[in-house]
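This is what each chain is made of:
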Amino acid sequence: MSVELNHTIVHSLDNRESAEFLANILGLEAGEEWGPFVPLETSNGVTLDFATIPGESIVMQHYAFLISDEEFDAAFERIRQQGVTYYADPHLKQPGEINHHHGGRGLYFMDPAGHGMEIITRPYGNEE
């Protein structure tokens, strides 16, 4: 068996709110609560299990999602419609812009718990 990431736990202030926020942006559907988790499964089978914890215990993490050009267009439109601030860079110095790294498009935004989210249309190192 090859090694694959199966799931990870994402700390949040409100597990349902964070799962649904990201699901909405990505055009996915948050799952039913399972124990302390609200799962969000990606198309490659990796599940992000959102767990509610005290705010002072949350440490910012970064999550990047590789999506198609069509999915980017749809996600970008949802981001703009919802008034979510987005940036071209991970340091959040270029608000309202997207980047064109690696021959594709990308942007960064924050989730309700303060995690850095990224959507990209080309993997890093791809210069096609």
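Calculation criteria
- Residues numbered from 1 in each chain as written.
- Predicted model: local features only at pLDDT ≥ 70, side-chain atom pairs only at ≥ 80, totals over all residues.
- Heavy atoms only, no water.
- Pairing = 2+ DSSP bridges.
- Helix = DSSP H or I, 4+ residues; strand = E, 2+ residues; numbered from the N terminus.
- Contact = heavy atoms within 4.5 Å.
- Axes fitted to C-alpha atoms, helices over the stretch in contact; angles between N-to-C directions.
- 1 Å grid on protein atoms, 1.4 Å probe; cavity = no way out; pocket = protein on both sides within 12 Å on 5 of 7 lines; lining within 4 Å.
- Points joined across faces, edges and corners; volume = space filled by probe spheres on them.
- Nonpolar A, V, L, I, M, F, W, Y, C, P; charged D, E, K, R; others polar.
- Phe/Tyr/Trp six-rings, centres within 6.5 Å; stacked < 30°, edge-to-face > 60°.
- Buried < 20%, exposed > 50% of the residue type's maximum accessible area, 1.4 Å probe, protein only.
- Lys NZ or Arg CZ within 6 Å of the ring centre and 35° of its normal.

If you check an unreviewed UniProt entry, the chain appears there as Glyoxalase/bleomycin resistance protein/dioxygenase from Streptomyces violaceusniger.

**Student:** Would you explain the sheet that holds strand 7 (residues 116-120) in this entry?
**Tutor:** Hydrogen bonds between backbone groups are what pair the strands of a sheet, and the pairing can be parallel or antiparallel. Read from one edge of the open sheet, four strands run 4-7-6-5, paired in mixed fashion. Lying at the two open borders of the sheet, with one neighbouring strand each, are strand 4 (62-66) and strand 5 (86-87). Packing of helix 2 (residues 69-81) onto the sheet brings it into contact with strand 5, strand 6 (106-110) and strand 7, and relative to strand 6 it is tilted by some 35°.

**Student:** I would appreciate a short explanation of empty space enclosed by the protein in the present structure.
**Tutor:** A water-sized probe, rolled over the atoms, reveals where empty space remains. In the structure shown here, the tally under the stated rule is one cavity of 30 Å³ or more. In this structure, the largest cavity encloses a volume near 40 Å³. Around the largest cavity sit Asn99, His101, His102, Arg105, Glu118, Ile120, Thr121, Arg122 and Tyr124, which together line it. Here the lining of the largest cavity is composed, by residue class, of two nonpolar, four polar and three charged.

**Student:** Help me out: how do you make sense of the pairing of strand 2 (residues 37-41) in this one?
**Tutor:** Along a regular strand, successive side chains alternate from one face of the sheet to the other. When strand 2 meets strand 3 (residues 47-52), the two strands line up antiparallel, connected through five bridges. Bridging from a neighbouring strand, leucine 40 pairs with leucine 48 of strand 3. What sits between strand 2 and strand 3 in their antiparallel hairpin is a turn of five residues, with glycine 45 showing a positive phi close to 90°.

**Student:** Could you clarify how one ought to interpret the packing of aromatic side chains in this entry?
**Tutor:** Any two aromatic rings considered together are summarised by their centre-to-centre distance and by the angle between their planes. Within the structure shown, the criterion is met by four aromatic pairs. Ring geometry for tryptophan 34 and phenylalanine 37: centres 6.3 Å apart, planes at 20°, overall stacked. Relative to phenylalanine 76, the ring of phenylalanine 72 has its centre 5.8 Å away and its plane inclined at 40°; by these criteria the two rings are tilted. You can see phenylalanine 72 and its partner phenylalanine 76 sitting in helix 2, four residues apart, about one turn around the helix. By relative accessible area, which is 0% here, phenylalanine 72 ends up buried. In this structure an aromatic cluster arises from ring pairing among Phe72, Phe76 and Tyr86. Here the basic side chain of arginine 80 rests over the ring of phenylalanine 76, its NZ or CZ set 3.9 Å away from the ring centre.

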